[in-house]
Structures are given as structure tokens and as C-alpha cells.
Amino acid sequence: MIEVLIKILLSYLLGSIMGGLVVGRLRGVDIRTQGSGNAGATNALRTQGVVFGLLVFVIDIGKGLLAVAWLPYVSPGLLHITTAPLPAAVALGLPYACGLAAVLGHIYPLYFGFRGGKGVATLLGVIAYLLPVTIPFFVIAWIVTLVLTGYVGLASILGFTAATVATAAKVGMFTVPATFMYALLALVLYTHRANLQRLRDGSESRFQKVMLLNRLKQRR
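Now for a quick tour of the structure. (Residues numbered from 1 in each chain as written. Predicted model: local features only at pLDDT ≥ 70, side-chain atom pairs only at ≥ 80, totals over all residues. Heavy atoms only, no water.)

**A few points about the layout of surface pockets**
- Roughly 760 Å³ of volume is contained in the largest pocket.
- Looking at the largest pocket, it is lined by 34 residues, and the ones nearest its centre are Ala 41, Thr 42, Asn 43, Trp 142 and Val 152.
- Secondary structure elements with two or more residues in the lining of the largest pocket: helix 3 (41–48), helix 4 (50–69), helix 6 (120–130), helix 7 (135–149), helix 8 (152–171) and helix 10 (193–201).
- For the lining of the largest pocket, the residue count by class is 16 nonpolar, 13 polar and 5 charged.
- Roughly 360 Å³ of internal volume is contained in the second largest pocket.
- Among the secondary structure elements, those contributing two or more residues to the lining of the second largest pocket are helix 9 (176–191) and helix 10.
- It is helix 10 that provides the largest number of residues to the lining of the second largest pocket, a total of 3 residues. (1 Å grid on protein atoms, 1.4 Å probe; cavity = no way out; pocket = protein on both sides within 12 Å on 5 of 7 lines; lining within 4 Å. Points joined across faces, edges and corners; volume = space filled by probe spheres on them. Helix = DSSP H or I, 4+ residues; strand = E, 2+ residues; numbered from the N terminus. Nonpolar A, V, L, I, M, F, W, Y, C, P; charged D, E, K, R; others polar.)

**Some remarks on the side chain of Thr 191**
- With respect to the element layout, Thr 191 can be found in helix 9.
- Residue classification places Thr 191 among the buried residues on the basis of a relative accessible area of 10%.
- Polar side-chain contacts of Thr 191 include one of 3.2 Å to the backbone oxygen of Lys 118.
- For Thr 191, the residues in contact, after removing those within four places along its chain, are Ile 107 and Lys 118. (Buried < 20%, exposed > 50% of the residue type's maximum accessible area, 1.4 Å probe, protein only. Polar contact = N/O pair within 3.5 Å; in protein donor to acceptor, adjacent residues only side chain to side chain. Contact = heavy atoms within 4.5 Å.)

**Looking at the pattern of salt bridges**
- Tallying each qualifying case throughout the model produces 4 salt bridges.
- In this structure, the salt-bridge partner of Arg 32 is Asp 30, at a minimum N-O distance of 3.2 Å.
- Arg 32 sits in the buried class, given a relative accessible area of 16%.
- When the shortest N-O distance is used, the salt bridge between Asp 60 and Lys 63 registers 3.5 Å. Within this pair, Asp 60 and its partner Lys 63 are both found in helix 4, separated by 3 residues, close to a single helical turn.
- With relative accessibility at 1%, the residue Asp 60 sits in the buried group. (Salt bridge = Lys/Arg side-chain N within 4 Å of Asp/Glu carboxyl O.)

**Looking at the packing of aromatic side chains**
- Here the structure, examined in full by the defined rule, presents 2 aromatic pairs.
- Consider the rings of Tyr 96 and Phe 180, whose centres lie 5.0 Å apart with planes at 70°: the pair is edge-to-face. One end of the pair, Tyr 96, is in helix 5 (residues 88–107); the other, Phe 180, is in helix 9, and 84 residues separate them in sequence. Neither residue differs from the other here; Tyr 96 and Phe 180 are each classed as buried. (Phe/Tyr/Trp six-rings, centres within 6.5 Å; stacked < 30°, edge-to-face > 60°.)

**Observations concerning the packing of helix 6 against helix 9**
- Two numbers describe how helix 6 lies on helix 9: the axes approach to 12 Å, and their chain directions differ by 165°. As far as their axial angle goes, helix 9 and helix 6 are roughly antiparallel. The element helix 6 and its partner helix 9 pack so that their crossing is left-handed. Packed against helix 6, whose contacting residues are Leu 123, Val 126, Ile 127 and Leu 130, the element helix 9 presents Phe 180, Met 181, Leu 184 and Val 188 at the interface.
- For the contact of helix 6 with helix 9, the per-class residue count stands at 8 nonpolar, no polar and no charged. (Axes fitted to C-alpha atoms, helices over the stretch in contact; angles between N-to-C directions. Parallel < 35°, antiparallel > 145°, perpendicular 65-115°, else oblique. Left-handed = near helix turned anticlockwise from the far one by under 90°.)

Quick look at the structure:
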């Protein structure tokens, strides 16, 4: 199983490449010292602008895609190891394990003192390849929540909740894909625990510019 372990480790190392911190170093800023203190795309957008935020988003979603669409299928020869063909069940589960490792790398990046982001963009890259049918459910729930409330964190939580429910309804509650989505949703809830606490005490910040109700009130 050395091949499996190496590919999972490489996925974690890939996930540890933080778009916000890489682009930030090129620009001479550390976005963890600004805004919410998070290294993800949302804080990058809020503190550094649209172009910076989009670059971060592309890098973070891209590494999630690579971790599940490429690394699990790399020939053992390219890794300089010799191994027997993987059992079918292991080969089936490997992309999911690599995807989870990449997300954990984003949350706890080795190269940046284990202080990363919340994993949303990387998670999207992972499920876009493994479970593309869930993406419309995520996007609809995310947009509706953001437009109505202005809470980005809540939008991410409800988006992944919708994607998880859709997966369970589509393929069954106790399948590998559904179990994988349960694990991802648990991670999303964990990384957004501070957002949930701020929602409870009424101190969570809103993205006012995208709130439809807020715009309607301003026009009146």
C-alpha cells in the first residue's frame, strides 16, 4: 500500500500550497494579518480586491481538482516505486482519500505553519470532479443564502449541506460518496465554528454589497 500512502501524502502537500499566501508573498502582504485573518479566497477578495481574490480562488480550487483528477492515477513508475495493482475497492476509494488529504492540507498547510483557510474553494474543486451533480445544489443554496443574508460563512455551510443531501438522495445514504460528503460537511462546520458563534451572538459581518434586500431598502 506504499503507493496509496505516497499519493495521499502528495495530495496533502499539494493542498498545503495556499493560493492566498503564495499570491500574497508576490504582492508583499500576508492576508492572515488583515480582515478576518483567514488565508482563503473570501478574505483575499475583501482585503485585496477582485483580481487578487480570483487568483486565490483559481489556485485553491485547482489544487483540489488536481488532487482527485490526476494524483490518484499517476503511474507508480513516475513515483519511483514498484507495487502490485491496487485492489478494486482501494482504487475506487483513493480519489476520495486524496481529496480529503488536499482539503486538510489547505486547512493545515505544512508550508505556512499549519495556519490555512477554511477549505471551501478546495472542497469545490474536489467535488466538482468526483461528484459534479452536487455543484448546482451548492451554487443555488450558496447564492440564495448570500443574497438574502449577506453571510458568506452561512452560505458555505448551507451550500455544502444542500450538496450533501443531494448526494445522499442520488446515490444512497450509506455509500462511499455520501460518507465522503458527510466528512466534508463536518469539516466545513468545524472550520466555520467561529462564524457560527458570531451568528449566535449577532457579531458576524455581512457582505453588504451583495444583499438584495439591503439594495432594495437603499433604493427606497
